[in-house]
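# Structural features, examined
For reference, the chains in residue letters:
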Amino acid sequence: MLRIGPVGFRIGSDWRAPIGALGDLYRDYPLPEDGIVDFNVRLFAARPWRRFVRPAVTIGGDYMLPDALPLPLAQGLLAAEMGMNLQMALAQRRYLLLHASVVERDGRGLLLSGVSGAGKSTLAALLMTRGWRLMGDEFALVDPATGLVHAFPRLISLKNQSVAVLQCAAGQARFGPLLAGTPKGDIRHLVPDATAIAAMDRPAVPALLLFPTFGPAEAVRAVGAAETFVRLTQASTNYVALGERGFATLRRLVQDVPVRAIDYADTDSGIALVERLWRELA
Amino acid sequence: MGARYRAPPPGHVLILSLDPLTAIYHRASGQTHVVAPPVPEMLALLVDPLTPGELLAALGERYDLPDGDVAALTARLDELAAIGLVTRDAI
């Protein structure tokens, strides 16, 4: 069992190895309050012999995707992480969920929202090494009642080239094992720093929203209210399920938070650009 | 057969201006519609039930409508009725 921000998980497995890896990487995280979890994740063998023969980890739990392909046991840690994300994406109703990484400074939150590969995790992890508090690399949890963004600082999922970038920038940090050849390429998890874990119950006021794109030459573009609204509905896993609360939460974000779309060609200039926009706009 | 169209009563929809578009949350269906002008202007005028001809005249008084066409407006009103943003009353 463990708690990440406001969400408690129980993770069960037919094998010891994924639980061992999780227990090690999440060893500094608290237990769910009163031992009551929000979601169960279960990693299991779809057929009994798959526990032993070419072991394949099927991701299950309270909520399942019926056609999800199992992962090899060597990627059991990834399966556990995906299992936690899946429960959140399918069943989180307390918060509006946005696919975004979030970092915080002085009680104010910077949200980086984009598709996979846009650099959400990499930028957030690098900002963490530069004195920002990491609040999460995957989901921003926006409270419909207050408009505050809550932290969900699970392991940071670094993919392909960003693994080396962060090994260079955060040499002292703890990394999980290299998971080679996953559906998203080579993945290595980075443990959020002590500040991120210690302060994970402290929400932040959303102060700047950026839509990053990795690759093109550096550019900054204003984003209109209509584009922001539509992008955020697409970035949310539970906008429709939240109904009127989702609409009101997006209304507040669109009306209150400055927004820019940014292109960056390398991580150094990306970080410099983000910090410049923060000084100018937040 | 003709018909009058009317907008939902106050409180049945939530409206968010996203200049130049508008997001309309329809409480009864839980659906969000992002619409372009002149839909918000039409809904504002349809507080009182109007026929397409009356609505076109009212729009023409307030806005520049170079290609006003009752048949096209009726088609748009029927689309809005299908998603619940206006109600169609046969007359």
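This structure is a prediction, so every number in the text was calculated from the model and none was measured.

About the thresholds
- Residues numbered from 1 in each chain as written.
- Chains lettered and ligands numbered in written order.
- Predicted model: local features only at pLDDT ≥ 70, side-chain atom pairs only at ≥ 80, totals over all residues.
- Heavy atoms only, no water.
- Helix = DSSP H or I, 4+ residues; strand = E, 2+ residues; numbered from the N terminus.
- Rg over C-alpha atoms; globule rule 2.2 N^0.38 Å.
- Contact = heavy atoms within 4.5 Å.
- Areas by Shrake-Rupley, 256 points an atom, 1.4 Å probe, with all protein chains shown as cover.
- Lys, Arg positive; Asp, Glu negative; His and termini not counted.
- Charge placed at Lys NZ, Arg CZ, Asp CG, Glu CD.
- Buried < 20%, exposed > 50% of the residue type's maximum accessible area, 1.4 Å probe, protein only.
- Patch = residues over 30% accessible without salt bridge, like charges linked within 9 Å, V, L, I, M, F, W, Y side chains within 5 Å.
- Salt bridge = Lys/Arg side-chain N within 4 Å of Asp/Glu carboxyl O.
- Pairing = 2+ DSSP bridges.
- Axes fitted to C-alpha atoms, helices over the stretch in contact; angles between N-to-C directions.
- Domains from an automatic or database assignment.
- Buried area = accessible area lost by both parts, 1.4 Å probe.
- Polar contact = N/O pair within 3.5 Å; in protein donor to acceptor, adjacent residues only side chain to side chain.
- Core = buried A, V, L, I, M, F, W, Y, C linked by side-chain atoms within 4.5 Å.

What follows is about the overall build of chain A. Helix and strand counts for chain A come out as nine helices and 16 strands. Its C-alpha atoms give chain A a radius of gyration of 18 Å, within 12% of the compact-globule value 19 Å for 282 residues. In chain A, of all internal contacts separated by at least 6 residues, the share reaching a separation of at least 24 is 72%. Accessible surface computed for chain A: about 12,000 Å², of which carbon and sulfur atoms make up 54%. For chain A, the separation between the mean place of its 30 positive charges and that of its 26 negative charges on side chains is 4 Å.

When helices and strands are tallied, chain B shows three helices and five strands. When the helices and strands of chain B are listed from N to C terminus, the series reads β-β-β-β-α-α-α-β. Relative to the 2.2 N^0.38 estimate, which gives 12 Å for 91 residues, the radius of gyration of chain B is 13 Å and therefore close to what a compact globule would have. With respect to the three principal axes, the spread of C-alpha positions in chain B is 30 × 30 × 20 Å. Across the 91 residues that make up chain B, the buried fraction comes to 35%.

Okay, a nonpolar patch on the surface next. Residue and element names in this part refer to chain A. Where nonpolar side chains cluster on the molecular surface, the patch consists of W49, F52 and V53 and spans about 370 Å² of accessible area. Along the polypeptide, F52 turns up in the loop between β3 (39-44) and β4 (56-61). Overall, F52 belongs to the exposed group, its relative accessible area being 65%.

All names here are of chain A. Sheet architecture is open: three strands sit in the order β11-β13-β12, paired in antiparallel fashion. The open sheet has two edge strands, β11 (156-159) and β12 (179-182), and neither has a second partner. Each adjacent strand pair in this sheet contributes to an overall mean axis angle of 35 degrees, direction not counted. In this structure, β11 lies alongside strand β13 (residues 185-190), joined through four bridges in antiparallel fashion.

Okay, the domain arrangement of chain A next. Residues and elements named next belong to chain A. Domain parsing of chain A yields domain 1 (1-91) and domain 2 (95-282). Taken together, the contact between domain 1 and domain 2 spans 22 residues of the former and 27 residues of the latter. Summing the contributions of domain 1 and of domain 2, the shared interface buries around 2,100 Å²; its carbon and sulfur component is 66%. For the interface between domain 1 and domain 2, the tally reads three salt bridges. The closest approach of N and O atoms between R174 and D24, which form a salt bridge, is 3.6 Å. The interface formed by domain 1 and domain 2 contains eight residue pairs in polar contact (both at pLDDT 80 or more). Counting only elements with at least two residues in the side of domain 1 that touches domain 2, the list comes to β1 (2-4), β2 (7-13), α1 (16-25) and α2 (76-91).

On to the pattern of salt bridges, then. Residue and element names in this part refer to chain A. Taken as a whole and judged by the stated rule, the model has 19 salt bridges over all chains. The closest approach of N and O atoms between R154 and D137, which form a salt bridge, is 3.5 Å. Of this pair, R154 sits in the loop between β10 (149-150) and β11 while D137 is found in the loop between β8 (133-136) and β9 (139-142), placing the two residues 17 residues apart along the sequence. Across this residue pair, the class does not change: R154 and D137 are buried. Via salt bridges that share partners, D24, R27 and R174 belong to a single interconnected network.

With that settled, consider the environment of T129 of chain A. Residue and element names in this part refer to chain A. Note that T129 resides in the loop between α3 (120-128) and β8. Judged by relative accessible area, T129 falls into the partly exposed class, the value being 33%. Taking the C-alpha atoms as reference points, T129 and P192, 63 residues apart in sequence, are found 9.8 Å from one another. If we ignore the near neighbours within four places in the chain, the residues touching T129 are L166, A169 and A170. Looking at T129, its side chain comes within polar contact range of the main-chain oxygen of L126, at 2.6 Å.

Right, let's talk about the nonpolar core for a bit. All names here are of chain A. Among the nonpolar cores identified, the biggest contains 67 residues, and F9, M84, M88 and F229 are the most heavily contacted of them. Broken down by element, the residue count for this core peaks at eight residues, all from α2. When residues of this core are sorted by domain, at least three fall in each of domain 1 (1-91) and domain 2 (95-282). Listed in part, the 29 residues of the second largest apolar core include M128, A170, L208 and L277.

Let us look at the environment of P38 of chain B. Mapped onto the fold, P38 of chain B is located in the loop between β4 (31-35) and α1 (39-45). As a C-alpha pair, P38 of chain B and I15 of chain B span 23 residues in sequence and 14 Å in three-dimensional space.

Residues and elements named next belong to chain A. When β12 meets β13, the two strands line up antiparallel, connected through two bridges. Bridging from a neighbouring strand, T182 pairs with G185 of β13. Connecting β12 to the next strand, β13, in antiparallel fashion are two residues.

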